[in-house]
Amino acid sequence: MATNTDNMSSSTICGPWSWFCKGDQDNEDMLLPIILLAVSVTILGTCLFQWGFKKQRETADKLPPGPRGLPIVGYLPFLGPNLHQMFMELALTYGPIYKLSIGRKLCVIISSPALVKEVVRDQDITFANRNPTIAAKTFSYGGKDIAFQPYGPEWRMLRKIFVREMQSNANLDAFYSLRRNKVKESVNETYRKIGKPVNIGELAFSTVINMISGMFWGGTLEVDTEIDIGSEFRAAASELIEILGKPNVSDFFPVLARFDIQGIERKMKKATQRIEKIYDFVMDEWIEKGGARVESEAKNDQRKDFMHFLLGFKEQDSGRSISREQIKALLMDIVVGGTDTTSTTVEWAMAEMMLHPEVMKNAQKELTDAVGTDEIVEERHIDKLQFLHAVVKETLRLHPVAPLLLPRSPSNTCCVGGYTIPRNAKVFLNVWAIHRDPKFWDNPSEFQPERFLSNVSRLDYLGNNMQYLPFGSGRRICAGLPLGERMLMYCLATFLHMFKWELPNGERADTSEKFGVVLEKSTPLIAIPTPRLSNLNLYA
Ligand code: HEM
């Protein structure tokens, strides 16, 4: 009975946990292994937890060094207007790789060739993504263009069409007459201002945007229609570029994005629609005027302009064509990526030459030798202008228009220089600092084009040498390099060949910089032209 009671009480008390209770022989046999298992699981769990925690701390410890900012806003209140210079100064304290929290964004700034190589060569695919601002996403239809689309098959296809097809030598040659007409118009307009002050940046901008619009649809539209929409296109493009340069608080605090406090997204949508209307108009004209006929011209390689080319494009293997939206996104990239960059470089080159008259004299003498005094510059002369090439390279060394390139963003958490770079961080490559580093350049702040005469082949624009990267490097290197270089050299050579330039009242050209969408001169370059050639018919 007692036994029964004991048994009963033990089973009642223990209930479902009875296998833990003494007095049951089977349960007793199982007890030890179970306890051992439980203890092992507990120890293993604790170890895993501690290992994970330690790992997390280690990862955090391995983030690059950097200055502490304020809670919530991070380093935002301490940023100066000239980010590239400030980033170089911070590198003197924190080294060639450091981090900054700007609002909610973690930014990493890199300023040594060895570390840049880790990003654009060794881990090129991981870093082949961008972290676009809201304004950039807006004009690019949510990143459907080349510049802001994440790395992947769509980006590869669009980039291939643009780089290999549209900018093949044959295609660029085919569009030459469209560029030539626009450069001639600029010469004529400048001639009408002889003896009066000319804003070189504005002259270069209008020449480049006219060349671009000429190439966009110069063979598609009637001349009168083209003239009508040309000025609207120029105004809309300038507006879009201006909005793109405005800092937007929503970019640093994504929770604020939906409120669009500064109205930047709204303004950008409007500016984009303004340009879009023009694109739609031109595309509709093309369709109305017999796209099929033009398509067959394209097949026969009579590609009259970019619109002809893109609307008639069919991929050879798949027969796939590109959508209207992709065409618009691509044209937006050319406007945004190709105008200010090229015209600002022309302005910088002219400013440096006005400060160094012996350089301008040499460049003009080279032009006289290569072109003669009774002819205008043609693109076929450009290859002969070695000294002018060196002037442009030196200009892009001292004043790279994209001093921090276009920021990259790793698709995975990865390691650079022994430090952890978290996925989606914004990575700036400070080529401006590298281009002025005395470790790699003699007299780095001096304008000395001759340095490129002895190094022409080594220091090309292809980003192979990590000390010289004005067009970036790797998969995301500037997609418009061939066209950009042509337009840049052609404009500059023409301005120098056709005119003598002087600053008003013997002023000195100023070379202080202003950081923005591109690295501009902080004061516009104003100069007075006089004709350089005696045959005035060449200016008509
Ligand atoms: C002086 C002229 C130019 C300079 C200095 C320049 C510079 C640059 C730089 C530094 C980048 C970023 C590269 C990187 O992240 O590694 C870039 C990207 C780009 N540029 Fe240019 N650029 C110029 C002219 C042009 C022109 C004329 C076009 C179009 C016709 C153009 C279209 C683009 C595009 C589409 C990208 C994005 C490429 C991508 O993300 O895959 N650029 N450019």
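Residues numbered from 1 in each chain as written. Predicted model: local features only at pLDDT ≥ 70, side-chain atom pairs only at ≥ 80, totals over all residues.

In the nomenclature of an unreviewed UniProt entry, the protein chain is known as Cytochrome P450 of Populus trichocarpa. Here is the UniProt Cofactor (unreviewed entry) comment for the protein chain, exactly as written: "heme". (UniProt positions renumbered as here; feature names shortened; annotations may be inferred.)

Whether parallel or antiparallel, the strands of a sheet pair through hydrogen bonds between backbone atoms. With mixed pairing, three strands are arranged side by side in an open sheet as β1-β2-β6. Two strands close off the open sheet at either side, each with one partner strand: β1 (97–102) and β6 (426–429). Between one strand axis and the next, the sheet turns through 25° on average, direction left out of account. Here strand β2 (residues 105–110) runs beside β6; their pairing, made up of four bridges, is parallel. By the bridge assignment for β6, Ile110 is matched with Leu429. Its contacts with the sheet place helix α3 (residues 83–94) against β1, β2 and β6, and it is angled at close to 120° to β1. (Pairing = 2+ DSSP bridges. Helix = DSSP H or I, 4+ residues; strand = E, 2+ residues; numbered from the N terminus. Axes fitted to C-alpha atoms, helices over the stretch in contact; angles between N-to-C directions. Contact = placed C-beta atoms within 7 Å.)

If you check the shell around the ligand, you find 26 residues, and the closest are Gly337, Gly338, Gly472, Cys478 and Gly480. When contributions to the shell around the ligand are tallied by element, the ones reaching two or more residues are α15 (324–355) and α19 (481–498). At seven residues, α15 tops the list of elements feeding residues into the shell around the ligand. (Near = placed C-beta within 6 Å.)

Our next topic: the sheet that holds strand β3 (residues 198–199). The three strands are arranged β3-β10-β7 in an open sheet whose pairing can be described as antiparallel. Two strands lie at the open edges of the sheet, namely β3 and β7 (499–502), each paired on one side alone. Pairing of β3 with strand β10 (residues 526–531) involves two bridges; the strand directions are antiparallel. The residue of β10 that forms the bridge with Val198 is Ala527.

Let us now look at the packing of helix α8 (residues 176–191) against helix α9 (residues 200–217). Across the interface, α8 lies against α9 with an axial gap of 8 Å and an inter-helix angle of 150°. Taken together, α8 and α9 sit at an angle that is classed as roughly antiparallel. The hand of the α8/α9 crossing is right-handed. Residues Leu178, Arg179, Asn181, Lys182, Val183, Glu185, Ser186 and Thr190 of α8 form the contact with α9, whose participating residues are Leu203, Ser206, Thr207, Asn210, Met211, Gly214 and Met215. Residue composition of the contact of α8 with α9, grouped by class: five nonpolar, seven polar and three charged. (Parallel < 35°, antiparallel > 145°, perpendicular 65-115°, else oblique. Left-handed = near helix turned anticlockwise from the far one by under 90°. Nonpolar A, V, L, I, M, F, W, Y, C, P; charged D, E, K, R; others polar.)

When the terminal C-alpha atoms of helix α16 (residues 357–371) are compared, their 21 Å separation across 15 residues agrees well with the 21 Å that a helix rising 1.5 Å per residue should span. Of the residues making up α16, those classed as buried are Val359, Ala363, Gln364, Glu366, Leu367, Ala370 and Val371. Seen from one end, α16 has its buried residues packed into an arc of 155°, which puts them on one side. Seen from the open side of α16, the exposed residues pointing more than 90 degrees away from its buried face are Pro357, Glu358, Lys361, Lys365, Thr368 and Asp369. Those residues of α16 hidden inside the fold are in contact with α15, α17 (386–398) and α19. (Expected span 1.5 Å × (residues − 1). Buried ≥ 20, exposed ≤ 12 C-beta atoms within 10 Å, placed from the backbone. Arc of directions from axis to C-beta.)

Here we take up the confidence of the model for the protein chain. Across the protein chain, the average pLDDT comes to 87, with 85% of residues at or above 70. In this model residues 1–29 is a low-confidence stretch, pLDDT under 50, and it forms 11 contacts with partners more than four residues away in sequence or in other chains. (pLDDT = per-residue confidence, 0-100.)

The sites that UniProt annotates as "binding site: heme" (unreviewed entry) are Cys478. Following the sequence through the fold, Cys478 ends up in the loop between α18 (431–435) and α19. The class of Cys478 is buried, set by 24 C-beta atoms lying within 10 Å. The residues contacting Cys478, other than those within four sequence positions of it, are Phe471, Gly472 and Gly484.

Viewed as axis vectors pointing N to C, α8 and α19 meet at an angle of 35°, and their least axial separation amounts to 11 Å. Crossing handedness for the pair α8 and α19: right-handed. Contacts between α8 and α19 involve Arg179, Val183 and Val187 from the former and Met487, Tyr490, Cys491, Thr494 and Met498 from the latter. Of the residues in the contact of α8 with α19, the class split is six nonpolar, one polar and one charged.

What follows concerns the environment of Pro150. Note that Pro150 resides in the loop between α5 (134–139) and α6 (153–166). Assessed through the 13 C-beta atoms surrounding it within 10 Å, Pro150 is described here as partly exposed. In this structure the C-alpha to C-alpha distance between Pro150 and Ser112, which are 38 residues apart in sequence, comes to 25 Å. If we skip the residues at most four places from it in the chain, Pro150 touches Asn129, Gly143 and Trp155.

Time to look at α9. Compared with the 26 Å implied by 1.5 Å per residue over 18 residues, the 26 Å span of α9 between its first and last C-alpha is a close match. Burial analysis of α9 places 17 of its 18 residues in the buried class, the great majority of the element.

With that settled, consider unusual backbone geometry. Backbone geometry places Tyr141, a non-glycine residue, at a positive phi of 55°. When you line up the elements, Tyr141 lands in the loop between α5 and α6. For Tyr141, a count of 17 C-beta atoms within 10 Å puts it in the partly exposed group. One non-glycine residue, Asn505, adopts positive backbone phi at about 50°. Taking the C-beta count within 10 Å as the criterion, Asn505 has 6 such neighbours and is therefore assigned exposed.

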